[in-house]
Amino acid sequence: MAKLTIGIIKVLSVQMSDIFVWYYRSMQNYILFICLFLVSLNVAFGQSKPNKSAFAYKLKNPIELDGELNELIWQDTAGWNTDFMQYFPSDTSRAKVQTRIKIVYDDVAIYIAAKMENKGPRKYVSTSLRRDYRGEANDGITFVFDTFNDKTSAFQFGINPYGVQREGLVSNGGQVGEDLSLAWDNKWYAKAMILEDSWQVEAVIPLSTLRFKDGGNAWNVNFYRIDSDQGERSTWAPIPRNFSIISLAFNRKLLFEEPLEKKSANISLIPYVAGRTQRNYIDGTQEKPTPAVGGDAKIGLGPALNLDLTFNPDFSQVEVDAQVTNLDRFELFFPERRQFFLENGDLFASFGHPSARPFFSRRIGIARDENTGQNIQNKIIYGARISGKITDDWRIGMMNMQTATDESAGISGKNFSVMAVQKKVFARSNIGIIFVDRESMTPENPDNFFDPSASNKLLGLEYNLASANNKWTGKTFYHRTFEQDNGENPGVFNAFINYDDLHWSWSVSYLDIGESYNPLVGYAPRTDFKRLNPEISYVFFPKSRIINRHEPKIEYELKWNEELGSTDQDLTLSYKVQFQSLASSAFYYQNRYIYLFRDFDPTRTGGEPLLAGSSYRNDFIGYKFQTNPRKALNISVNGEVGEYFTGNRVSFASEMGLRLGYFANISMNFTYNRIRLPAPQEDADLYLIGPRFDLTFTKSLFWTTFIQYNNQIDNLNINTRLQWRFAPVSDFFLVYTDNYYPSDFMPKQRSLVLKLNYWLNL
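We now turn to the structure provided with this report. (Residues numbered from 1 in each chain as written. Predicted model: local features only at pLDDT ≥ 70, side-chain atom pairs only at ≥ 80, totals over all residues. Heavy atoms only, no water.)

## Examining the overall build of the protein chain
Next, step 1: Regarding its fold elements, the protein chain presents four helices and 40 strands.
Next, step 2: In the protein chain, which comprises 762 residues, the share counted as buried stands at 54%. (Helix = DSSP H or I, 4+ residues; strand = E, 2+ residues; numbered from the N terminus. Buried < 20%, exposed > 50% of the residue type's maximum accessible area, 1.4 Å probe, protein only.)

## A look at the nonpolar core
Next, step 1: With 37 residues, the main nonpolar core has Ile110 and Phe145 as its most contacted residues.
Next, step 2: Not counting the four nearest positions on each side in its chain, Ile110 is found in contact with Ile103, Val104, Tyr105, Ala203, Val204, Ile205, Leu207, Leu210, Trp219 and Phe256.
Next, step 3: Residues Ala356, Ile434, Val521 and Phe529 belong to the second largest nonpolar core, which totals 25 residues. (Core = buried A, V, L, I, M, F, W, Y, C linked by side-chain atoms within 4.5 Å. Contact = heavy atoms within 4.5 Å.)

## Looking at the pairing of strand β9 (residues 189-194)
Next, step 1: Looking at chain direction, β9 and strand β10 (residues 198-206) are connected through six bridges and run antiparallel. Among the inter-strand pairings, Met193 is bridged to a residue of β10, identified as Gln200.
Next, step 2: What sits between the antiparallel neighbours β9 and β10 is a turn of three residues. (Pairing = 2+ DSSP bridges.)

## Some points on unusual backbone geometry
Next, step 1: Cis peptide bonds are those with omega within 30 degrees of zero, and the linkage from Phe88 to Pro89 qualifies with 10 degrees.
Next, step 2: Residue Leu69 is not a glycine yet carries a positive backbone phi of 60 degrees.
Next, step 3: Here Leu69 shows up in the loop between β1 (54-58) and α3 (72-75).
Next, step 4: A positive phi is found at Arg604, a non-glycine position, where the angle reads about 55 degrees.
Next, step 5: In this fold, Arg604 is placed in the loop between β30 (584-595) and β31 (615-626).
Next, step 6: Under the relative-accessibility criterion, Arg604 is labelled partly exposed at 33%.

## Quick look at the environment of Ile635
Next, step 1: Within the secondary structure, Ile635 sits in strand β32 (residues 633-644).
Next, step 2: Once residues lying within four places of it in the same chain are set aside, the contact partners of Ile635 are Phe625, Gln626, Thr627, Glu655 and Met656.

## Notes on the pattern of salt bridges
Next, step 1: The tally for this structure, following the rule as stated, stands at 29 salt bridges.
Next, step 2: One salt bridge in this structure joins Asp308 and Arg385, with 3.4 Å as the shortest N-O distance. Pair noted here: Asp308 is in strand β16 (residues 305-311) and Arg385 is in strand β19 (residues 380-389), with a separation of 77 residues, a long-range link. Across the pair, Arg385 and Asp308 agree in class, each one buried. (Salt bridge = Lys/Arg side-chain N within 4 Å of Asp/Glu carboxyl O.)

## Considerations on the environment of Ile73
Next, step 1: Position of Ile73 among the secondary structure elements: in helix α3.
Next, step 2: Since its relative accessible area comes to 22%, Ile73 is described here as partly exposed.
Next, step 3: The contacts of Ile73, once residues within four sequence positions are left out, are Leu59, Ile63, Lys102 and Val104.

Right, dumping it as structure tokens:
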């Protein structure tokens, strides 16, 4: 293990001294600005006022996990955490239906009891029996543990009245819903019981599942409940309703009776066996049934640091990406869902800006097949990652991965190395450094294993602001890429500040991406521009039985560069309404200016392109509407109508979902774009149709079928997946994927995969 760690550090340290010299010279023009930015933000971020705490008793007698809550420790009235406050529809009163939660522990696990009261007998909403349910329609109770007391990251565990579990990771302070990832899996156990006028839960979370400071006596904690009958969301630690319900800024203390120590081994092995066969009708090639063996290992290097290892990983069980109609000039972004990259994934992925990410894990082991629009695997030989806390204030992550050479696809093997370090400052802010290195193999050259002309490195420094009361958030960073031919200005600079209170919300962002900035292991769909993006909104909370809140907003985006001047302008005026029923609607007007610096086909169907150097100013309006998600039949629609380059466009998209109890979810995604352009450009009618059938026979047997017809890329995709969870976090998968030409149903590609994996704790 020590040799492995040293090896990773050696790979990460290649040419670091020269890079730091270049880096300093590149960013010296920004140092004064960054310092002023930090000083201006270091205002009264005083600590939050003390709140009442939860108390965890040391368990003396064993607990039987049955959901009955008949043990003496649960019968004792002391230690229950009550007085939940409303988060929705209001945040100024006690919850209409109250909840009580109690926590105890021993040397092996955390034990939780929860009692959720009702107004009387009732039915509960569960969208399915599949693990990792999500959405405000579901009844459920959720436990949030910030084990390092930094109020920026946390573990989350939830369960609904039917005993369906979910677990996830919260990052970036839980500022927005996307900061919760439910793709993370781990072992924990829970039972739920439905009573006449309440439901209750008993849960066991092994300490080996969590990362925490050894010998500590306090965590930060919160609990929140969603109740579909009252349309109410409530929290134990009150959260202002202008912030996300997963916000960690308002967590309270959980005090342990005795210091917490992790005495059990923290080693998990996750081996798999798989078989695959596939045929490519376009190339006329066929892969015979091919067996594969590999797996992952998770090794605790102490209670707070984790070593993840993977050998010959297979991600065929990951659900297929939902296709979209691409009318943009640039590459689309698809999120990471592979298990190996998820724990502490925010440590690597949170660096940068949505338009300038220094590291994007989907660059590793995934290539896109433009014939089908699907992402396909580029084999990963091995991977190793160390991540976690080394002190209360220091967080570190190191990763090294090697992909295989695929001569048939013209792909050379590559080695990826990443190092990220974060230091906590002030109440919830941090300073971070990231280093990324991608090397391409040249096995035919024994004197030089890596091709120096294909080397790509990146070094970045960031400051992330998060005030104690969550009203002020922001970021400033400078990143630079290093290649054999760096070109001019290979750096990117960003400064962002955001303010939120109950009514006002405003932000200003400035981004400067150099023309030679080239993060090959990141995501930067466009370079050589500067961007200014201010926005402001005001939220009204009327006293109404129908409307919960409504919000006007104005946003402006300007992009330019020194050679061309202004290349993009967007002025957006919008009005959003949130109803008490959880339905919502929004209307907006947008004025857009676009300068084309390369030829561009507005339909992306191979038609006559608009010429580089031309510019266009368009006006259009749009709307969005979402019905009550608690209903068995729910619909969301959105659309736009107005000018589009030299012509006009009508766009309509909808998703209709039908829930048959918790047994079946049937949905239909439909997108239509009607584009009319004068000659010599071509008109287009673009359709994307995607029915989806999700059947949950039991809490361990699931079948999902996803069909996608996309005439923009002339493809019909069918993906069907059978999953049997025969043991906790252990599954058997049968996955069949087919791609056709829609006009005559001639096949393009076809594959069948069987996979069996087992999670073993040592």
